[in-house]
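# Coordinate inspection notes
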Amino acid sequence: MKYYIIAGEASGDLHGSNLMKGIYSEDPEAEIRFWGGDLMNAVYTSNERKLRHPVNGGLVRHYKEGAIMGFWEVFTHAGRLLGNIGKCKKDILAWKPDAVILIDYPGFNFKIAEFSHKHGIRTFYYIAPKVWASREGRIKKLKKYVDRLYIIFPFEIPYFKSKGVSAVYLGNPLVDSIASSRAMNESREDFLKRNSLQDKPVIAMLAGSRKGEISTMMPVLTEFASRMRSLPEYSGWQFLIAGAPARSMEDYAGYLKGSYEETGVKVIFGETQSIIRHAEAAVVNSGTASLETVLLGTPQVVGYIGGRLTYMIAKHIVKVKYISLGNLIIDRLAFRELIQDSCNAENLVEEVRALIENHAYRSKMLEEYACIKDALGSGGASEAIAADMVMNLRN
């Protein structure tokens, strides 16, 4: 069968790659065409059948060419977004897939869901849009245009049931991704050696995956690192910035105030999970990374600074108590969230020192992590979801 998958962000690329592995396992003759990233492309190109019998599948467009987030940002980039939607619709019609699989990315994927439904193509939505946080009116579109909705958080089960939406929960795919990652299966020594790092403690810093997030978070993170390094007990520590998959050194270089040897700050790409895993504490921009940090077992503080207009709009639209998935899952603060003006160097220094120096505080956070992990289940989600999709297409 032919599958057309659309993932518009780094997290979607990760989950899409694991889903593709499951689809190939369940349907060895599967033909897959997709919008995604390097991880999905790696699965496609390594599939043995594809190498023996190439077809017109593979990567159509990389997510880094069009990732947009934020109410105001979506508005200002509407022309580019609409252009990509038009190209995607034409490509779907030309390829004639048996199913279109949409991964999160609602601003784009709702348009494709409506289009696919109109043309009689089976439509699966994997990783439900966060309608429980904002824009609840989209539930009507889920009911109308989506044949099967797959959710990945346990708190979504009663929510969608209360809205009359039949949703399938088979676990969270991030559990499998972390368990099988290099980060969980390597020594600290190997990590340090591979990245030419000193045998000194590490603080992980994640500035986000989009240029807008990086531009607001990097000044705060570099000032935070400078203040920490000015303290005698932290003078030799290393502050590692996890470079986002779709970004380059150019996106970070202008915010660095000296060499790694001078500042202890270093940007490293392709090592996000390892940086988090081998850090004493992490400062994490909200998103999938905060849940990754829970599963990797590193104490964290979430920091988020949005565009002023986007934040003002969000305050009137977003309905959730927390911005971090881990806190939402257990419906309480497992770790602090510093948002907008409260996300500053002074507050970050105070919180990170507490994570490192206050053993009772650190232990309590790790206990809460255990609750989050229990709620997510034991694993196997990607394979189970792929099997369910294939079964539904065959029936």
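Residues numbered from 1 in each chain as written. Predicted model: local features only at pLDDT ≥ 70, side-chain atom pairs only at ≥ 80, totals over all residues. Heavy atoms only, no water.

Below, the discussion takes up the overall build of the protein chain. In terms of regular secondary structure, the protein chain is built from 20 helices and 13 strands. Computed over the C-alpha atoms, the radius of gyration of the protein chain is 21 Å, within 12% of the 21 Å expected from 2.2 N^0.38 for a compact globule of 395 residues. Each principal axis of the C-alpha atoms in the protein chain carries an extent, and together these give about 65 × 50 × 40 Å. Evaluated residue by residue, the protein chain yields a buried proportion of 53% over its 395 residues. Here the protein chain has roughly 17,300 Å² of accessible surface; of this, 52% comes from carbon and sulfur atoms. For the protein chain, the distance from the average site of its 50 positive side-chain charges to the average site of its 44 negative ones is 7 Å. (Helix = DSSP H or I, 4+ residues; strand = E, 2+ residues; numbered from the N terminus. Rg over C-alpha atoms; globule rule 2.2 N^0.38 Å. Buried < 20%, exposed > 50% of the residue type's maximum accessible area, 1.4 Å probe, protein only. Areas by Shrake-Rupley, 256 points an atom, 1.4 Å probe, with all protein chains shown as cover. Lys, Arg positive; Asp, Glu negative; His and termini not counted. Charge placed at Lys NZ, Arg CZ, Asp CG, Glu CD.)

Look at helix α1 (residues 10–26) against helix α20 (residues 381–394): their axes get within 8 Å of each other, and the N-to-C directions meet at 50 degrees. The orientation of α1 relative to α20 falls into the category oblique. The two elements α1 and α20 cross, and the hand of that crossing is right-handed. For the pair α1 and α20, contact is made by Asn18, Leu19, Gly22, Ile23 and Glu26 and by Ser382, Ile385, Ala386, Ala387, Met389, Val390 and Arg394, respectively. Considering only residue class, the contact of α1 with α20 consists of seven nonpolar, three polar and two charged. (Axes fitted to C-alpha atoms, helices over the stretch in contact; angles between N-to-C directions. Parallel < 35°, antiparallel > 145°, perpendicular 65-115°, else oblique. Left-handed = near helix turned anticlockwise from the far one by under 90°. Contact = heavy atoms within 4.5 Å. Nonpolar A, V, L, I, M, F, W, Y, C, P; charged D, E, K, R; others polar.)

Turning to the packing of aromatic side chains, a few remarks are in order. Going through the model one piece at a time under the given rule, you end up with 13 aromatic pairs. Aromatic side chains phenylalanine 224 and phenylalanine 239 sit 5.9 Å apart centroid to centroid with 85 degrees between the ring planes, which places their arrangement in the edge-to-face category. Here phenylalanine 224 is found in helix α11 (residues 211–229), whereas its partner phenylalanine 239 is found in strand β9 (residues 238–243), with 15 residues between them in sequence. The class for phenylalanine 239 is buried, based on a relative accessible area of 0%. Three or more aromatic residues link up through ring pairs in this structure, and these residues are Trp35, Tyr105 and Phe108. The ring of tyrosine 260 has lysine 266 sitting right over it, with the charged end atom 5.2 Å from the ring centre. (Phe/Tyr/Trp six-rings, centres within 6.5 Å; stacked < 30°, edge-to-face > 60°. Lys NZ or Arg CZ within 6 Å of the ring centre and 35° of its normal.)

So, on to the pattern of salt bridges. This model, assessed by the stated rule, comprises 18 salt bridges. With a shortest N-O distance of 2.8 Å, aspartate 91 and arginine 33 are connected by a salt bridge. Placement of aspartate 91 in helix α5 (residues 78–95) and of arginine 33 in strand β2 (residues 31–36) is noted, with a sequence separation of 58 residues between them. The residues aspartate 91 and arginine 33 share a single accessibility class, namely buried. Notably, a salt bridge pairs arginine 188 with aspartate 199, separated by 2.8 Å at the nearest N-O pair. (Salt bridge = Lys/Arg side-chain N within 4 Å of Asp/Glu carboxyl O.)

Moving on to the sheet that holds strand β10 (residues 265–269). The strands making up a sheet associate through hydrogen bonds between their backbones, and the pairing can be parallel or antiparallel. Strands sit in the order β10-β9-β8-β11-β12-β13 across an open sheet of six strands; the sheet is parallel. The open sheet has two edge strands, β10 and β13 (337–339), and neither has a second partner. Each adjacent strand pair in this sheet contributes to an overall mean axis angle of 20 degrees, direction not counted. Across four bridges, strand β8 (residues 202–206) lies against β9 in parallel orientation. By the bridge assignment, methionine 205 is partnered in β9 with isoleucine 241. (Pairing = 2+ DSSP bridges.)

Moving on: unusual backbone geometry. The residue tyrosine 105 is not glycine, and still its phi comes out positive at about 45 degrees. Take tyrosine 105: its relative accessible area is 9%, and that puts it in the buried class. Its identity is not glycine, yet serine 196 carries a phi of approximately 55 degrees, on the positive side. Checked against the element boundaries, serine 196 lands in the loop between α10 (188–194) and β8.

These results come straight from atomic positions and should not be treated as a statement about function.
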